[in-house]
Amino acid sequence: MKYKIDVVRIRENSITLNGWVVGKTPESKASFRVLDERRKPVKIRCVPTRRDDVSQIYYKKVYDKDFGFDITFPYERGRTYWLLIRCGGREARVKFNEELIARRASVAYKRMEKIRDLMNWETVRVAMEFAKKHGVKALFLKSKHKLQGLDNDYDYKEWYSLTKPSPEELARQRREGVASRPLISVVIPAYKTPEKYLREMMDSILAQTYENWEVCVANGSPKGEGGAVEKVMGQYAGKDSRFRCKNLGENLGISGNTNAAIEMANGDYILLADHDDTLPEHALYEVAAAINAHPDCQVIYSDEDKLDMDGGALFDPHFKPDFNPDLLTSVNYICHLLVVRRDLLEQVGGFCHEFDGAQDYDFIFRCTEAAKEIYHIPKVLYHWRCHQDSTASNPQSKLYAFEAGSRAIMAHYRRCGIPAEKVEKGVDYGIYHTTFRIQGDPLVSVVIPNKDHVKDLDLCLRSILNQATYRNLEFIIIENNSTHKETFAYYDAIQKEFPQVRVVVWKREFNYSAINNYGATFAKGQYLLFLNNDTELMEPRIFEEMLGFCQREEVGAVGARLLYQDDTIQHAGVVVGFGGIAGHTFIGLHKAENSYFHRAMCAQDYSAVTAACMMTKAELFRQVGGFTEELAVAFNDIDYCMKVRAAGRLVVYAPYALMYHYESKSRGLEDTPEKVARFHREIAIFSRRWPEILAKGDPYYNPNLTLRKSNFALRDLLKEKIGEPYKLEVGGL
């Protein structure tokens, strides 16, 4: 028998345990008992939960069985209790008392627990299997990244304390306020809410530095079970008329309860909140300030983090990009805090019960589809309480929510006229992968520059010709000053073997932009795929994955996920500002590792993607003037994407379009004074062409995250000030 208790929380007068247990076989059943210190049985509530992660680790496949558990039992402070777990003929006893629980909650304990988790035979077994599948280097990288993350919770706590508004700033907000003071209605559906949590939510609103608000609570607790909500709200309303509560007398479901709360609202703006979460003191002030600065804005959202059950620790911050429609179809990244202007809400309607479990996801889609302006506040303005019944901590416990989310995405596609075939589970629950329907059978022209390097080119071509499922392709090989006779012999042979391959000759000096522009003039396809010769196909459906996005009217360019030969990430999108100018995200992360909120495996919009594998519309390519030939070597693909965005089109990263990229074999490195000087000139050219994004920051990246690394880590407060643009030091590149 193997078991682990992941979460232990004292919740009012009860203890809540969340964990898992497995036996020798998947058929082994677990049973649970709790004894008090007199060895007498204690009544427990035990809810089985799916733990597909555990199933995969111990049984090497997912079984439709509940290996997880959520156990709650009455708790009297100062007493000691034992949890008895029995499975497969074996029994384990786990002791709980106040001292032990407090110790488990400490930062030091969590750190030691993480280290202990890494130092057991099961971890060794899993590590060996990982190494067997992905290689020793991959295991080393994963272990290194895991060890580097041991202090994450502590780091965020310290980081948050250093970045939150000072008492002086909060006093200034109260004293000065904002010019226009819209009424903000905080609408809250309540259902059997624990008194402690409801009071914490109400107190957090009462403490706001902005005062023109009202609270509208719809109590959906059944008669006789909603007394705590009624009592608490009665007390707050008795002291402050801004608090209002309506007792529905029955549970109308999450959508019905929320709609009832919305109907109570008189505000110009509706802020949606859950009954057991909290807001920091400056949340409503920041919303009001955003409304003043952006009067046409109809949807506002912020960053968020999670709050533990005891309310004593903040962790797992989610720092989001500005509005990112393709990321939204991959995951409900907006979530909390969400504010909607009344006129938009009346236009799109309230919550729909058929999407219960993902009712907010559907509502967000409908709002963002119709909104004139969507504004993101890059500050943590919402603390989302995390417990065992929450998708925040145990997503497997709400599979129905993710199924509802899939339906919400498909409904969004239908309203927008986007031809999607299916929406499936992505890399994790709550992460989605869309397969689009290809319209017609358009010709795709694959444009590949080449100088000698016949083996690389042949591998590139044959991997596509032999494996790609999309067949309507032509290949334009741009011969660029090769010197080997074998190269020209290869050109003759490959064109005879594959009539869809054509070689054209570039006779001038090396200029990546000019070479690709030249090659594109020979293209007959409706779509162009610019491709490096040192790439190899990994995903047979790569063209379908990229075409699915590129065929949409609003999309101008699509990039692929590229891996180095050792299966670590070479490209998963580009952030303008990384390293001073621009850089790839998640470089060096192994393909089997989790990235920041799974971003490496989410389709999303970026400011740019690499032209090592980039698809674009041929008509748009001609319209914006192709690649800028002044940028002969560096940043020409980033510049092209910037031109695409300036033309009002999106640049999309498609993670399921996958290739190896053996990078820079053909061109070589910037290893001579002449090449370095050219590189610096091109930095200056790019900076002059696109000064605004370098000054203000990339809208698809959060200013709270570092520009010095590619892993979306928190900014180093000693080196980078939040809100200030990255200062380019050309001489240091």
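All values reported here derive from a predicted model rather than from experimental measurement.

Participant: Could you clarify how one ought to interpret the overall build of the chain in this entry?
Facilitator: A count of helices and strands for the chain gives 23 helices and 30 strands. Looking at the chain as a whole, 55% of its 733 residues are labelled buried. Across the chain, every contact between residues at least 6 apart in sequence was considered, and the portion connecting residues at least 24 apart equals 75%. Carbon and sulfur atoms form 51% of the exposed surface of the chain, whose accessible area is close to 32200 Å².

Participant: Quick question: what am I supposed to make of the side chain of Ser607 here?
Facilitator: In this structure, Ser607 sits in the loop between β28 (604–605) and β29 (613–617). Only 3.4 Å separates the side chain of Ser607 from the side chain of Arg645, close enough to count as a polar contact. Side chain to side chain, Ser607 and Asp698 meet in a polar contact 2.7 Å long. Contacts of Ser607, omitting those with residues within four sequence positions, involve Val574, Val576, Cys641, Met642, Arg645, Val651, Ile693, Asp698, Pro699 and Tyr700.

Participant: Help me out: how do you make sense of helix α17 (residues 485–497) in this one?
Facilitator: Every α-helix winds through 3.6 residues per turn, so residues three or four apart in the chain are directed the same way. Here α17 contains 13 residues, and its C-alpha end-to-end distance of 19 Å stays within 8% of the 18 Å for a straight helix at 1.5 Å per residue. Three or more residues of α17 are buried, namely Thr487, Tyr490, Tyr491 and Ile494. Projection of α17 onto a plane perpendicular to its axis shows the buried side chains occupying an angular sector of 105°, all on one side. Projecting away from the buried face of α17 at angles above 90 degrees are the exposed residues Lys485 and Lys496. Taken together, the buried residues of α17 touch β19 (444–450), α16 (454–467), β20 (473–480) and β21 (501–506).

Participant: I tried to follow the packing of helix α8 (residues 195–206) against helix α9 (residues 227–239) on my own but got confused; where do I start?
Facilitator: What describes two packed helices is the angle between their axes and the distance between those same axes. Direction vectors running N to C along α8 and α9 enclose 25°, while the axes themselves pass 10 Å from each other. The orientation of α8 with respect to α9, classified from their angle, is roughly parallel. Read as a crossing pair, α8 and α9 show a hand that is right-handed. Packed against α8, whose contacting residues are Glu195, Leu198, Arg199, Met202, Asp203 and Leu206, the element α9 presents Ala228, Val229, Lys231, Val232, Met233, Gln235 and Tyr236 at the interface. Partitioned by chemical class, the residues of the contact of α8 with α9 number 8 nonpolar, 1 polar and 4 charged.

Participant: How should I be thinking about helix α21 (residues 636–646) in this particular structure?
Facilitator: Burial analysis of α21 places 9 of its 11 residues in the buried class, the great majority of the element. Buried within α21 are the following residues: Asn636, Asp637, Ile638, Asp639, Tyr640, Cys641, Met642, Lys643 and Val644. Downstream of α21 by one or two residues, Gly648 has phi in the positive range, about 85°.

Participant: Explanation requested: empty space enclosed by the protein in the structure shown.
Facilitator: Here the idea is plain: a probe the size of a water molecule rolls over the atoms and shows the empty space left. In total, this model carries 4 cavities of 30 Å³ or more according to the counting rule given. The volume enclosed by the largest cavity comes to roughly 90 Å³. Along the wall of the largest cavity there are 14 residues; nearest its centre are Ser330, His433, Thr434, Phe549 and Ala603. Elements represented by at least two residues in the lining of the largest cavity include exactly β18 (432–436), α19 (542–550) and β30 (650–661). When residues in the lining of the largest cavity are grouped by element, the largest group, 4 residues, is from β18. Here the residues of the lining of the largest cavity sort into 8 nonpolar, 4 polar and 2 charged. Estimated volume of the second largest cavity: approximately 40 Å³.

Participant: Sorry, what's going on with the packing of α16 against α17 here?
Facilitator: Orientation of α16 relative to α17, taken along the N-to-C sense of each, is 15°, at an axis distance of 11 Å. In terms of their interaxial angle, α16 and α17 are classed as roughly parallel. Note on packing geometry: the crossing formed by α16 with α17 is right-handed. Two secondary-structure elements touch here, α16 through Val454, Leu457, Asp458, Leu461 and Arg462 and α17 through Glu486, Thr487, Tyr490, Tyr491, Ile494 and Glu497. Taken together, the residues of the contact of α16 with α17 sort by class into 6 nonpolar, 1 polar and 4 charged.

Participant: How should the sheet that holds strand β4 (residues 41–42) be read in this particular structure?
Facilitator: Two modes of strand pairing occur in sheets, parallel and antiparallel, and in both the strands are linked by backbone hydrogen bonds. The sheet built from 4 strands is open, its strands ordered β4-β3-β7-β8 with antiparallel pairing. With one partner strand each, in any of the chains shown, β4 and β8 (90–96) form the two edges of the open sheet. As defined by bridge partners, strand β3 (residues 30–36) adjoins strand β7 (residues 81–87) across 7 bridges and the pair is classed as antiparallel. By the bridge assignment, Arg33 is partnered in β7 with Leu84.

Participant: What is the right way to read the packing of aromatic side chains from this model?
Facilitator: Aromatic rings considered in pairs are described by the distance between their centres and by the relative angle of their planes. Under the definition given, this model contains 37 aromatic pairs. Between Trp213 and Phe243, the aromatic rings sit 5.3 Å apart at their centres with planes inclined by 70°, giving edge-to-face as the arrangement. In this pair, Trp213 is assigned in strand β10 (residues 213–219) and Phe243 in strand β11 (residues 243–247), connecting sequence segments 30 residues apart. An identical accessibility class is assigned to Trp213 and Phe243; each is buried. A ring pair is formed by Tyr660 and Tyr662, whose centres lie 6.0 Å apart and whose planes are at 20°; its orientation type is stacked. For the residue pair Tyr660 and Tyr662, the accessibility class agrees, reading buried in each case. Taken together, the ring pairs connect Phe578, Phe586, Tyr596, Phe597, Tyr701 and Phe712 into an aromatic cluster. Sitting over the face of the ring of Trp82, Arg39 holds its NZ or CZ atom 4.3 Å from the ring centroid. Above the face of the Trp213 ring, Arg242 is positioned so that its terminal group lies 3.8 Å from the ring centre.

Participant: Help me understand the pattern of salt bridges, please; the structure alone is not making it clear to me.
Facilitator: A side chain with one charge can pair with a side chain of the opposite charge if their charged atoms come near. Scanning all chains against the criterion turns up 32 salt bridges. Here Arg462 ties to Glu497 by a salt bridge, and the two come within 2.7 Å at their closest N and O atoms. Residue Arg462 is found in helix α16, and its partner Glu497 is found in helix α17; the two are separated by 35 residues along the sequence. Overall, Glu497 belongs to the partly exposed group, its relative accessible area being 43%. What you see here is one network of salt bridges that share partners, running through Glu169, Arg172, Arg175 and Glu176.

Participant: Looking at this structure, how should I read the environment of Asn292?
Facilitator: With respect to the helices, strands and loops of the structure, Asn292 is situated in helix α11 (residues 283–293). When residues no more than four places from it in sequence are discounted, the contact partners of Asn292 are Val178, Ala179 and Ser180. Here Ser180 takes part through its backbone nitrogen, which lies 2.8 Å from a polar atom of the side chain of Asn292. Within the structure, the side chain of Asn292 is placed 2.8 Å from the backbone oxygen of Ala288, a separation counted as a polar contact.

Participant: Quick question: what am I supposed to make of the side chain of Asp326 here?
Facilitator: Examined against the element boundaries, Asp326 turns out to sit in helix α12 (residues 325–328). If near-sequence neighbours (up to four positions away) are discounted, Asp326 is found in contact with Phe549, Arg552, Ala603, Gln604, Asp605, Leu650 and Val652.

Participant: It is not clear to me how unusual backbone geometry should be interpreted in this structure. Could you clarify?
Facilitator: Negative phi characterises most residues that are not glycine, and trans characterises most peptide bonds. Following His336, the chain continues into Leu337 via a peptide bond in cis, with omega recorded as -20°. Looking at the element boundaries, Leu337 is found in the loop between α12 and β15 (338–341). Positive phi is not limited to glycine here, since Arg39 has a value of about 65°. Inspection of the secondary structure assignment puts Arg39 in the loop between β3 and β4. One non-glycine residue, Phe635, lies in positive phi territory at about 65°. By the element assignment, Phe635 lies in the loop between α20 (618–623) and α21. Owing to a relative accessible area of 13%, Phe635 belongs among the buried residues under this scheme.

Participant: How should the environment of Leu344 be read in this particular structure?
Facilitator: Note on placement: Leu344 falls in helix α13 (residues 342–348). Measuring from C-alpha to C-alpha, the distance between Leu344 and Val299 comes to 8.4 Å, with 45 residues separating the pair along the chain. Setting aside its immediate chain neighbours within four residues, Leu344 contacts Gln298, Val299, Cys367, Ala370 and Ala371.

Definitions and limits used
Residues numbered from 1 in each chain as written. Predicted model: local features only at pLDDT ≥ 70, side-chain atom pairs only at ≥ 80, totals over all residues. Heavy atoms only, no water. Helix = DSSP H or I, 4+ residues; strand = E, 2+ residues; numbered from the N terminus. Buried < 20%, exposed > 50% of the residue type's maximum accessible area, 1.4 Å probe, protein only. Contact = heavy atoms within 4.5 Å. Areas by Shrake-Rupley, 256 points an atom, 1.4 Å probe, with all protein chains shown as cover. Polar contact = N/O pair within 3.5 Å; in protein donor to acceptor, adjacent residues only side chain to side chain. Expected span 1.5 Å × (residues − 1). Arc of directions from axis to C-beta. Axes fitted to C-alpha atoms, helices over the stretch in contact; angles between N-to-C directions. Parallel < 35°, antiparallel > 145°, perpendicular 65-115°, else oblique. Left-handed = near helix turned anticlockwise from the far one by under 90°. Nonpolar A, V, L, I, M, F, W, Y, C, P; charged D, E, K, R; others polar. 1 Å grid on protein atoms, 1.4 Å probe; cavity = no way out; pocket = protein on both sides within 12 Å on 5 of 7 lines; lining within 4 Å. Points joined across faces, edges and corners; volume = space filled by probe spheres on them. Pairing = 2+ DSSP bridges. Phe/Tyr/Trp six-rings, centres within 6.5 Å; stacked < 30°, edge-to-face > 60°. Lys NZ or Arg CZ within 6 Å of the ring centre and 35° of its normal. Salt bridge = Lys/Arg side-chain N within 4 Å of Asp/Glu carboxyl O.

Coordinates in, geometry out; function isn't part of it.
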